[in-house]
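# Analysis of the macromolecular model
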Amino acid sequence: MISLRYHVVSIAACFLALAVGVVLGSTALNGSLLSGLAGEKKDLGLQVADLEAQRNALNARLTDADAFAGSMGPKVVAGVLDKRSVVLVTTADARPADRDALKQLVGQAGAAVTGEVQLTSAFADPEKADQLRDVVTRLQPAGSKFPTAGDSGTLAGALFGSVLLLDKTTAKPQSSNEELAAALAGLTDGGFVKTGQDVKPAQLAIVLTGAQATGDGAGDRAATIARFATQLDRSGAGAVLAGDAGSAEGAGALGVVRADTSATSILSTVDNADTSAGRVSTVLALKEQLDGGAGRYGVAGNAQAPAPGVTAPAGN
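Figured I'd write up the structure that's included with this text. Within every chain, residues take consecutive numbers counted from 1 along the sequence as written. Totals for whole chains, interfaces and linings use every residue, but because this is a predicted model, local features are given only for residues with pLDDT of at least 70 and side-chain atom pairs only at 80 or more, for both listing and counting. The side-chain numbers reported here are obtained from all heavy atoms of the structure, hydrogens and water having been left aside.

Right, let's talk about helix H2 (residues 96–108) for a bit. With 13 residues, H2 should reach 18 Å at 1.5 Å per residue; the first-to-last C-alpha distance of 18 Å fits that figure. Residues Asp98, Leu102, Leu105 and Val106 constitute the buried set of H2. Buried positions in H2, seen along its axis, are confined to an arc of 105 degrees and lie on one side of it. Away from its buried face, by an angle of more than 90 degrees, H2 presents the exposed residues Ala97 and Gln104. Looking at the residues trailing H2, positive phi occurs at Gly110, about 100 degrees. Strands here are runs of E lasting at least two residues and helices are runs of H or I lasting at least four, both read from the DSSP assignment and numbered beginning at the N terminus. The span expected for a helix works out to 1.5 Å for each residue beyond the first. When a residue's accessible area, from a 1.4 Å probe over protein chains only, is under 20% of the maximum for its type it is buried; when over 50% it is exposed; and in between it is partly exposed. The arc in question is the one traced by the directions running from the helix axis out to the C-beta atoms.

So, in structure tokens, the structure goes:
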């Protein structure tokens, strides 16, 4: 006769067997799983090492190429801007090293830099747009024509163009020395610009910016610089908006210009001005502007070619 004790022992034995099976099974599974993960880790490590080696090789090639462009740049641009004049406008995030290198190359191209003006962060601040618009309108030189109902960037570009650029037909100043001084003083007092000494009008302009804008109002800030440079171009013999690759993104000033066909038809852009090759392209783009052309140059996906006169690789 089967007793209650027999049933209890049988059930306990079943549970014990089940527990032992689970432990043994999980141990075998864990060993297999860990072995597989270790193998995958090793493979991933090899892939990372291979990618790092490729990256280092590419960086070395880029460094060599930029060094070559730096050494050959002065010879490439020699004389292309002979007896021309250029005014240099920089945004708050433009790197001083890029500005200085570009200024030097402009001189090696035969042109004179007639002055430097730095736009402060307040210039493109959406919250200061109305204030900038009021200051610009108040400083409008007598006889000059500004766009009607324009945004602050466009109006500022019109003011800068009227006092900082020579007439593209006559190569004569479009305003008096007093009007130039008043415009720069008014913008400085308003906190919108910082200027160097003895700024004079020029035939051409370079607007040098940095990377793409970030944070709240990034798109508005980029649009202000883009519209400023575009209107500045309309006021003289030509202008180039230059920055780094980030500036060609959607939240960058170059990206805004390149998304506007009416702007790209007149304003040249260069998206790698932080390199020797890009600075050479900027100078060559100024020459192209003098000849009535315009283009999008650099390494970003929305560039049409590496430099003026250079055919883009297939697929770009």
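Right, let's talk about helix H6 (residues 218–235) for a bit. Taking 1.5 Å as the rise per residue, H6 with 18 residues should run 26 Å; its terminal C-alpha atoms sit 26 Å apart, in good agreement. The element H6 is largely enclosed, with a buried count of 13 among its 18 residues.

Centres within 6.5 Å are what make two rings of Phe, Tyr or Trp a pair, Trp counting through its six-membered ring; a difference in plane orientation under 30 degrees is then read as stacked, over 60 as edge-to-face, and the rest as tilted. Per the counting criterion, the structure on display carries three aromatic pairs. An angle of 80 degrees between the planes, with centres 6.5 Å apart, marks the rings of Phe123 and Phe160 as edge-to-face. In this pair, Phe123 sits in the loop between strand S2 (112–119) and helix H3 (129–138) while Phe160 sits in helix H4 (residues 152–164), placing the two residues 37 residues apart along the sequence. Here the aromatic rings of Phe123 and Phe228 are separated by 5.3 Å at their centres, their planes lie at 80 degrees, and the arrangement is edge-to-face. Of the two residues, Phe123 sits in the loop between S2 and H3 while Phe228 sits in helix H6, which places them 105 residues apart along the sequence. Looking at Phe123, the relative accessible area reads 1%, which means it is buried.

Attention now goes to the environment of Pro147. Following the sequence through the fold, Pro147 ends up in the loop between H3 and H4. Using a relative accessible area of 27% as the deciding quantity, one classes Pro147 as partly exposed. Along the backbone, Pro147 and Ala158 are eleven residues apart, and their C-alpha atoms lie at a distance of 7.6 Å. Contacts: residue pairs with any heavy atoms within 4.5 Å of one another. Here Pro147 is in contact with Thr154, Leu155, Ala158 and Gln231, once residues within four sequence places are set aside.

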